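Structure assessment
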Amino acid sequence: MKVKNIPKIKAVDFFCGGGGMSYGMQNSGIQIVAGIDYEENCRATYEANIKKAKFIKADVFELKEEELEKTLKLKRNDDELLLIGCSPCQFWSIINTDKKKSQESKNLLVEFERFVRYFNPGYVVVENVPGVLRKKGESGLEAFINWLKSNNYTVHFKVHNTSEYGVPQNRKRFTLIANRITSDELEPIKANKKLNVRDVIGEENGFIKIKAGHKDESDFNHSVPNVSDLTLKRLKKVKKDGGNRLSFANIPELQLDCFKGRDNSFKDTFGRLWWDKPSPTITTKFFSVSNGRFVHPDENRALSIREGASLQSFPKSYKFIGTSMSSLARLIGNAVPPEYAKRVGQAIIKNHMNAI
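Quick summary incoming for the structure in this document. What you are looking at is a predicted structure, and each value in this text was computed from that prediction instead of being measured.

Here we take up the packing of helix α1 (residues 20–28) against helix α12 (residues 338–355). Contact geometry of α1 with α12 gives a least axis separation of 7 Å together with a crossing angle of 45 degrees. Accordingly, the angle class assigned to the pair α1 and α12 is oblique. Pair α1 / α12 crosses with right-handed handedness. Packed against α1, whose contacting residues are Gly20, Met21, Tyr23, Gly24, Met25, Asn27 and Ser28, the element α12 presents Pro338, Ala341, Lys342, Val344, Gly345, Gln346, Ile348 and Ile349 at the interface. Among the residues making up the contact of α1 with α12, the classes are represented as eight nonpolar, six polar and one charged.

Here we come to the side chain of His296. By the element assignment, His296 lies in the loop between α9 (229–237) and α10 (305–311). Take His296: its relative accessible area is 2%, and that puts it in the buried class. Of note is the side chain of His296, whose polar atom sits 3.0 Å from the backbone nitrogen of Asp298. A polar contact is formed between the side chain of His296 and the backbone nitrogen of Glu299, at a distance of 3.0 Å. In this view, His296 contacts Ile201, Arg272, Trp275, Arg301, Ala302 and Glu307; residues no more than four positions away in its chain are not counted.

As for its placement among the helices and strands, Gly20 is situated in helix α1. The exposure class of Gly20 is buried, given its relative accessible area of 2%. With 326 residues separating them in the primary sequence, Gly20 and Gln346 have C-alpha atoms 15 Å apart. If we ignore the near neighbours within four places in the chain, the residues touching Gly20 are Phe314, Tyr318, Ala335, Val336, Pro338 and Ala341.

Counted by the stated rule, this structure contains zero disulfides. Its sulfur unpaired, Cys42 is 6.2 Å from the next cysteine sulfur, which belongs to Cys16. Look at Cys42 and you get buried, because its relative accessible area is 7%.

Glancing now at the pattern of salt bridges. Under the definition given, this model contains 16 salt bridges. A salt bridge links Arg301 to Glu299; its shortest N-O distance comes to 2.8 Å. Accessibility classification places Arg301 together with Glu299 in one group, the buried group. In the salt-bridge network here, residues are joined through shared partners; they are Glu40, Arg43 and Glu47.

Now for the nonpolar core. Met25, Ile30, Leu82, Val125, Phe286 and Ile348 are the most contacted members of the largest nonpolar core, which has 51 residues in total. Of all elements in the fold, only α1, β4 (81–85), β5 (123–128), α10, α11 (325–333) and α12 reach the threshold of two or more residues within this core. Leaving out residues up to four positions away in the same chain, Ile348 has contacts with Ile9, Met25, Ile30, Leu82, Tyr123, Val125, Ile177 and Leu186. Grouped together as the second largest cluster of nonpolar side chains are 35 residues, Leu83, Leu109, Phe119 and Phe144 included.

Time to look at the environment of Gly17. By the element assignment, Gly17 lies in the loop between β1 (10–14) and α1. Each C-alpha atom, one on Gly17 and one on Arg343, is 19 Å from the other, the two residues being 326 residues apart in sequence. Discounting residues that sit within four places of it in the chain, Gly17 has contacts with Asp37, Cys42 and Tyr46.

The subject of this paragraph is the packing of aromatic side chains. Applying the stated rule across the entire model yields 14 aromatic pairs. The interplanar angle of 50 degrees and the centroid separation of 6.3 Å between the aromatic rings of Phe14 and Phe15 together place this pair among those described as tilted. When sorted by exposure, Phe14 lands in the same class as Phe15, which is buried. With centroids separated by 5.0 Å and ring planes inclined at 40 degrees, the aromatic side chains of Tyr318 and Phe320 adopt a geometry described as tilted. What links up through ring pairs into an aromatic cluster is the set Phe14, Phe15, Phe112, Phe115 and Phe144. The side chain of Arg76 reaches across the aromatic face of Tyr118, ending 3.9 Å from its centre. The ring of Trp274 has Lys277 lying over it, and the distance from NZ or CZ to the ring centre is 3.9 Å.

Definitions and limits used
Residues numbered from 1 in each chain as written. Predicted model: local features only at pLDDT ≥ 70, side-chain atom pairs only at ≥ 80, totals over all residues. Heavy atoms only, no water. Axes fitted to C-alpha atoms, helices over the stretch in contact; angles between N-to-C directions. Helix = DSSP H or I, 4+ residues; strand = E, 2+ residues; numbered from the N terminus. Parallel < 35°, antiparallel > 145°, perpendicular 65-115°, else oblique. Left-handed = near helix turned anticlockwise from the far one by under 90°. Contact = heavy atoms within 4.5 Å. Nonpolar A, V, L, I, M, F, W, Y, C, P; charged D, E, K, R; others polar. Buried < 20%, exposed > 50% of the residue type's maximum accessible area, 1.4 Å probe, protein only. Polar contact = N/O pair within 3.5 Å; in protein donor to acceptor, adjacent residues only side chain to side chain. Disulfide = S-S within 2.5 Å. Salt bridge = Lys/Arg side-chain N within 4 Å of Asp/Glu carboxyl O. Core = buried A, V, L, I, M, F, W, Y, C linked by side-chain atoms within 4.5 Å. Phe/Tyr/Trp six-rings, centres within 6.5 Å; stacked < 30°, edge-to-face > 60°. Lys NZ or Arg CZ within 6 Å of the ring centre and 35° of its normal.

Structure representation (structure tokens):
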């Protein structure tokens, strides 16, 4: 079989954000036709990294199927078409978020299904927080899966930990891969070995030692926010390589008022990463020492912007464009890890090759 004769699978990435899913899929060999997102602040980052793809700023609630069909010259019932939906997931997350604020995002999966029904693509991918599966009736997932199965799709849906797929991070994500090309159930392709924090950050990996408040004006973005003198004193007490705030819990002037008498609550706050374990889930607040276990294993500071991106499996060449550190961290923390996306794409391409 000559690989060059295999039809190119083309994909449209709904809710594309800064391009983590698109980049990984592109690296697997899938052609990204377009990324769609409501947030204009994703555009610069997406266009800087996802070459030859069109960024479409659109509200999926208002976007019409025929409009997308015409704009991208898509075909219905196309075996080589992949539709990807990684909708914002705050409403279904177990992390404490403002549910009222995220209420409008709870029906995004239902809107994505509208496009799947219209185009009937060869492949469908959905990636989200595990909460959409726990509440599959309320989230619309159950009805979507039933529709897919009744329309000749073979559907894989499961919660996967990205640490098993080449990402140096414990990040549990719901993933659905549906295909109507074969009767095979497709799963992301696992990595041969797990990566740890040591494998991607640290001086051996090109990250010079820095202090809290360091600003890196280059595209590398090895920048980190400053901390108060009191916070710095606390960090100096936290044991290297996996220590937590209990290291200063018995020092009255350092103990936080909110944790007095509650030593077993939120122990990851002010916690350091372990060198020889995957990192915890990289959230949009990974640059803050008080928002989780985001303190560098050795240095007295939070993770830098580029370190967070590396733990998300973005290459060092990936450009993040934003107006502040928090805007860059939001692009990174909300992203699908590219390495995980690549392994989803590889499973699809392998299936397509076998079908020809």
